[in-house]
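Commentary on secondary and tertiary structure
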Amino acid sequence: MINRSVRMNYHTNLLELEEHMYPLVDVETPNVFHNLFPYTEIPKIAFNDRIVPHHMPDDIWITDTTFRDGQQSRAPYSTEQIVTIYDYLHKLGGENGKIRQSEFFLYSKKDRDAVYKCLERGYKFPEVTSWIRASKKDFELVKDLGLKETGILVSCSDYHIFYKMKMTRKQAMEHYLSVIRECLETGISPRCHLEDITRADIYGYVIPFCLELTKLMDEYSIPIKVRCCDTMGYGVNYPGAVIPRSIPGIIYGIMTHAGFPSELIEFHGHNDFYKAVSNSTTAWLYGASGVNCSLFGIGERTGNTPLEAMVFEYAQLKGSLDGMDTTVITELAEYYQKEIGYKIPPQTPFVGSAFNVTRAGIHADGLLKNEEIYNIFDTKKFLNKAPQVAVSNTSGLAGIAHWINNHYQLENEKAIDKNSELVVMIKAWVDKQYEDGRVTVLTDEELIAVIEESCKRLNIEL
């Protein structure tokens, strides 16, 4: 009989007794949790009210997959575009490296050229990491490029093990461990991508596999990261939800029962059920140091966790941006739209053209009196985007006045009052447009033209 180990939890400063041993459960038939994932019904969220404690690490960070997962769902970026975006990520993450890493494909010459050029920048952050096929040849390629870490796919649900790989759990584990050992033999640190973890047998397969990884770390003295991949977006953050859908439960299990420290745990979310951001934040709260994101959430199917969202999640949790330059987010959005030709939906938080634009007259009146009433924070300071009012039939005098003041940057004593003769004249013109049957919002060009004409008639200058 093996005695269960007693170890110190340095987060709580209490000794803990390891509760159970977790051997591999090598089942004959796959457990695909059809009770939770009945394919011809909507997936079910079940609860057992087993609550695990918050365990947010002292240091948390963002990692980037824009050039890997983000590139699997769109036309490939050019080498020049990759280098430019990488420069932006470096500036956004700041000198404290809050955007810790960025992962790259190495399949093609174009991919490798981009890696070389990004490495030539000499930035400490984001560290350039790779994603490769699990082969000795590719491990050597990683080493030749001078990279210290690479991602390796280790799918962990029975959907993948039995149906895709046509293996048993024992066979899959032995295969993965042999590949990881090859990687370690070359001196490269593996990052194990636990694909489809939210449909996997956590204590029958994932934890036993992670325990084997800890043995390899002891043997080679090389860190091994685990990336918890919510590949289908099934994860939930609700306290007391059952695994494998429970993000708190998954992170707790890997940290507590497999013995992985927070700095070697990372979460990678997908947005199929609109939960990528909340699940990523939850992973931080329950012990993962890293959350893996892509710019604007661009990724397979519904996309990944938007990187810009986690910048602001970080600030809300930590009470500080820790050196991140959020104005770069707006620069990136403009670059994507003007240079890459990517259309960002107008209502997208932080980067959409309408994210801080109001069309309701009563809201515009509030903005005119005090922008804090209807703006989420000082968007001018953090994103170089002042709150705006789109002029329509519902904007009213206040909306028109706000639009003029914002567009012409009129402040303090120069600001136009909603009851000024100019605003009254423009509102009369706006009202006439909609009385004649118009149904669309007025364009900036139309408003500029009518403002200039009205100013001439009133003999005033803005």
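Keep in mind that this is a model prediction, so the values were computed, not measured. As a convention, each chain's residues are numbered from 1 in the sequence order in which they are written. Local features are withheld for residues below a pLDDT of 70 in this predicted model, meaning they are given only at 70 or higher, and side-chain atom pairs are given and counted only at 80 or more; totals for whole chains, interfaces and linings count all residues. To get the side-chain values, take all heavy atoms of the structure and skip hydrogens and water.

Another point: helix α9 (residues 307-318). Helix and strand labels come from DSSP, where a helix needs a run of H or I of at least four residues and a strand needs a run of E of at least two; each type is numbered from the N terminus. Take the residue count of a helix, subtract one, and multiply by 1.5 Å to get its expected span. Its 12 residues give α9 an end-to-end C-alpha distance of 17 Å, which sits within 8% of 16 Å, the value for a rise of 1.5 Å per residue. Taken as a whole, α9 has its buried residues at Leu307, Glu308, Ala309, Met310, Val311, Phe312, Tyr314 and Ala315. With its phi angle positive at about 75 degrees, glycine 319 sits one or two positions after the end of α9. Exposure is judged per residue with a 1.4 Å probe applied to protein chains only, and the accessible area is read against the type maximum: over 50% gives exposed, under 20% gives buried, and values in between give partly exposed.

UniProt positions are given in the numbering used here, feature names are shortened, and annotations may be inferred rather than shown by experiment. Here the UniProt feature "domain: Pyruvate carboxyltransferase" (unreviewed entry) sits at residues 60-330. End C-alpha atoms of residues 60-330 are separated by 23 Å, and the span's content is 43% helix alongside 15% strand.

Among the six residues in strand β7 (residues 189-194), six count as buried, and that is most of the element. Burial of the side chains of β7 extends over both faces: Ser189, Arg191 and His193 are buried on one face and Pro190, Cys192 and Leu194 on the other. In this scheme, strands are said to pair when DSSP sees at least two bridges between them. Pairing of strand β6 (residues 149-153) with β7 involves five bridges; the strand directions are parallel. Residue pairing in the sheet places glycine 151 in a bridge with arginine 191 of β7. Here is how to tell: hold the view so the strands point away, follow the path from the first strand over the helix to the second, and if it runs clockwise the crossover is right-handed. On the question of chirality, the crossover connecting β7 to the parallel strand β8 (residues 225-230) by way of helix α6 (residues 202-220) is right-handed.

The next subject is the packing of helix α1 (residues 79-93) against helix α2 (residues 109-120). The angle between two axes is taken between their N-to-C directions and runs from 0 to 180 degrees, where each axis is a line fitted to C-alpha atoms and a helix contributes only its stretch in contact. The contact between α1 and α2 brings their axes to 9 Å, and the two run at 35 degrees. Relative to α2, α1 is oriented so that their crossing is right-handed. Residues Thr79, Ile82, Val83 and Tyr86 of α1 lie in contact with α2, whose contacting residues are Lys110, Asp113, Ala114, Lys117 and Cys118. Just so you know the grouping, Ala, Val, Leu, Ile, Met, Phe, Trp, Tyr, Cys and Pro go in nonpolar, Asp, Glu, Lys and Arg go in charged, and all remaining residues, Gly too, go in polar. Split by residue class, the contact of α1 with α2 holds five nonpolar, one polar and three charged. Crossing handedness is defined as follows: a turn of the near helix away from the far one that is anticlockwise and smaller than a right angle gives a left-handed crossing, while the clockwise case is right-handed. Here, two residues are considered to be in contact whenever any of their heavy atoms come within 4.5 Å of each other.

Side chains three or four residues apart in an α-helix point the same way, a direct result of the helix having 3.6 residues per turn. Taking 1.5 Å per residue as the helical rise, helix α10 (residues 327-340) with its 14 residues ought to reach 20 Å, and the 19 Å between its terminal C-alpha atoms agrees with that figure. Every buried residue of α10 is accounted for by Thr327, Val328, Ile329, Thr330, Leu332, Ala333, Tyr335, Tyr336 and Ile340. Contacts from the buried residues of α10 go to α1, α9 and α12 (379-383). Directly beyond the C-terminal end of α10, a positive phi value near 85 degrees is found at glycine 341.

Topologically, tyrosine 220 is positioned in helix α6. The spatial distance from the C-alpha of tyrosine 220 to the C-alpha of glutamate 185 is 8.2 Å, given a sequence separation of 35 residues. The contact partners of tyrosine 220, leaving out residues within four places of it in the chain, are Arg181, Leu184 and Glu185.

Pairing is parallel in the closed barrel, where eight strands are placed in the order β3-β4-β5-β6-β7-β8-β9-β10. With strand direction ignored, the average angle separating the axes of adjacent strands in the sheet is 25 degrees. Inspection of the sheet shows strand β4 (residues 99-105) paired to strand β5 (residues 127-131) by five bridges, in the parallel sense. Paired with glutamine 101 across the two strands is glutamate 127, which belongs to β5.

Another point: the pattern of salt bridges. Pairs may arise between side chains of opposite charge once their charged atoms sit close together. Any carboxyl oxygen of Asp or Glu within 4 Å of a side-chain nitrogen of Lys or Arg constitutes a salt bridge here. Scanning the model with the defined rule gives 23 salt bridges in all. In this structure, a network of salt bridges that share partners links the residues Arg68, Glu103, Glu149, Arg191, Lys225, Arg227 and Glu266.

The subject of this paragraph is the side chain of threonine 305. Relative to the elements of secondary structure, threonine 305 occurs in the loop between β10 (290-293) and α9. Setting aside its immediate chain neighbours within four residues, threonine 305 contacts Gly269, Ala276, Val277, Ser280, Asn292, Cys293, Ser294, Gly297 and Met310.

Let's shift gears to the state of the cysteines. Working definition: the covalent bond between the sulfur atoms of two cysteines is a disulfide. Cysteine sulfur atoms are paired as a disulfide whenever they fall within 2.5 Å. Taken as a whole and assessed by the stated rule, the structure comprises zero disulfides. Unpaired in terms of disulfides, cysteine 229 finds its nearest cysteine sulfur in cysteine 228, a separation of 7.5 Å.

Moving on, we come to the pairing of strand β1 (residues 6-9). Sheet analysis places β1 next to strand β2 (residues 14-17), joined by four bridges and oriented antiparallel. When the sheet's bridge partners are listed, valine 6 is paired in β2 with leucine 17. Taking the residues that link successive antiparallel strands as the turn, the β1-β2 hairpin has four residues, and the phi of asparagine 13 there is positive, at about 60 degrees.

Here we come to the packing of α6 against helix α7 (residues 247-257). Close contact between α6 and α7 brings their axes to 10 Å; oriented N to C, the two are set at 40 degrees. As judged from the angle between their axes, α6 and α7 are oblique. Relative to α7, the crossing made by α6 is right-handed. Packed against α6, whose contacting residues are Ile202, Tyr203, Val206, Ile207, Cys210 and Leu211, the element α7 presents Gly249, Ile250, Gly253, Ile254 and His257 at the interface. Under this scheme an angle from 65 to 115 degrees is roughly perpendicular, one under 35 degrees roughly parallel, and one over 145 degrees roughly antiparallel; angles in between are oblique.

Another point: the side chain of lysine 385. Turning to its location among the elements, lysine 385 is positioned in the loop between α12 and β12 (388-389). Although buried, lysine 385 forms no salt bridge, and the nearest oppositely charged side chain, glutamate 334, lies 7.0 Å from it. For lysine 385, the contacting residues outside a window of four places in its chain are Thr330, Val351, Gly352, Ser353, Phe355, Asn356, Thr379 and Lys380. Counted as positive: Lys and Arg. Counted as negative: Asp and Glu, with His and the chain ends omitted from the count.

Centre distance and the angle of the planes are the two values used to describe a pair of aromatic rings. Stacked, tilted and edge-to-face are the three classes applied to pairs of Phe, Tyr and Trp rings, where Trp contributes its six-membered ring and a pair requires centres within 6.5 Å; stacked means planes under 30 degrees apart, edge-to-face means over 60, and tilted covers the rest. Enumeration according to the criterion identifies 21 aromatic pairs in this entry. Ring centres 6.1 Å apart and planes at 80 degrees place the aromatic pair tyrosine 77 and tyrosine 336 in the edge-to-face group. Remark: tyrosine 336 occurs in helix α10 and tyrosine 77 occurs in the loop between β3 (61-64) and α1; sequence separation between them is 259 residues. When its relative accessible area of 1% is taken as the criterion, tyrosine 77 is described as buried. Here the aromatic cluster, defined as three or more aromatic residues joined through ring pairs, consists of Phe67, Tyr77, Tyr86, Phe104, Tyr123, Phe296, Tyr336 and Tyr342. Geometrically, a charge over a ring is one whose NZ (Lys) or CZ (Arg) sits within 6 Å of the ring centre while staying within 35 degrees of the ring normal. Positioned over the ring face of tyrosine 77 is arginine 74, at 4.4 Å from the centre of the ring. Lying across the ring of tryptophan 61, arginine 100 places its NZ or CZ 3.9 Å from the centre.

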